[in-house]
Each structure stands twice: as C-alpha cells, then as structure tokens.
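# Structure at a glance
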Amino acid sequence: MALKGTEENAKVRVLLILWDLQAHQTEAGKGDLNRCIVRTGEKASDYQPVLQSLQESGAIAIEKEKITLTATGIETLTTSLQDDSFGFDGQQIGARFGNALVKWIRLHQLVPVA
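The following paragraphs examine the structure supplied in this document.

Remark: a regular strand shows side chains that alternate across the two faces of the sheet. Here strand β3 (residues 66-69) shows a buried face lined by Ile67 and Leu69 and an unburied face lined by Lys66 and Thr68. With 2 bridges joining them, strand β1 (residues 28-29) and β3 adopt antiparallel strand pairing. By the bridge assignment for β3, Ala28 is matched with Ile67. Direction of pairing for strand β2 (residues 60-63) relative to β3: antiparallel, over a ladder of 4 bridges. Across the sheet, the residue bridging to Ile62 is Ile67, located in β3. Linking β2 back to β3 in an antiparallel pair, the connection comprises 2 residues, with Lys64 at a positive phi of about 55°.

Here's what the structure looks like:
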C-alpha cells in the first residue's frame, strides 16, 4: 500500500490534524495521529517518511510515542495552506480534516472579508 495523493498533501494533513489534536490536549500520541490521518487503503507505516521529513525540518518533535507540533510546524502549515499550488487532487477529505481546516481558517482569518 502507499499514500494516496502527494507527500506534500500528506504533510499538510499531518500538520493540520496534529494542530487540531493539540488544541484539545497538550500532546498527541502516534496512535492518536494515526487514527486521524490513515485512510482506507493506507497503512500507518506509509506515513513514516512523512513524519521523518517533518521531524528533520523541525516542524514536529517526536519523543518516544508523543508527537508535538512546533512553531516551525505552524509556520509550515500556514505557508502550505496559503500556497496556490496546494489542493486535494480530486481526493475526498474526511470530516475531521475538513473541520480542522475550518477551525484553522477561522482562527487565522485566511478568508478575505468582502
């Protein structure tokens, strides 16, 4: 099995879901994150390169089984969501991701006011 969509989209999904999880608790476990990001036809191990890349860039910190979104991760998420090239490539998104995205937009006021 493999990731559905691009690795860049997977990074945005991971960062946004991690941000949402941390809004409800101080840190998230790998199991919490996996339950939210792994879609039908994917495995948690498919996300290992994504998590490793995010950790190497300083966007997330992984200590034992806990994953924390860093200030760099929030900046990366903001930049990615504002990038015109970001999209879902015709793939469906889950309610959890959609709701997290709506919260992010409301909080960061990324929607222009008419």
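Position of Ile17 among the secondary structure elements: in helix α1 (residues 7-24). For the pair Ile17 and Ala28, spaced 11 residues apart in the sequence, the C-alpha separation amounts to 10.0 Å. Apart from the residues lying within four places of it in its own chain, the contact partners of Ile17 are Leu33, Cys36, Ile37, Arg96, Phe97 and Ala100.

What counts and what doesn't
Residues numbered from 1 in each chain as written. Predicted model: local features only at pLDDT ≥ 70, side-chain atom pairs only at ≥ 80, totals over all residues. Heavy atoms only, no water. Buried < 20%, exposed > 50% of the residue type's maximum accessible area, 1.4 Å probe, protein only. Helix = DSSP H or I, 4+ residues; strand = E, 2+ residues; numbered from the N terminus. Pairing = 2+ DSSP bridges. Contact = heavy atoms within 4.5 Å.

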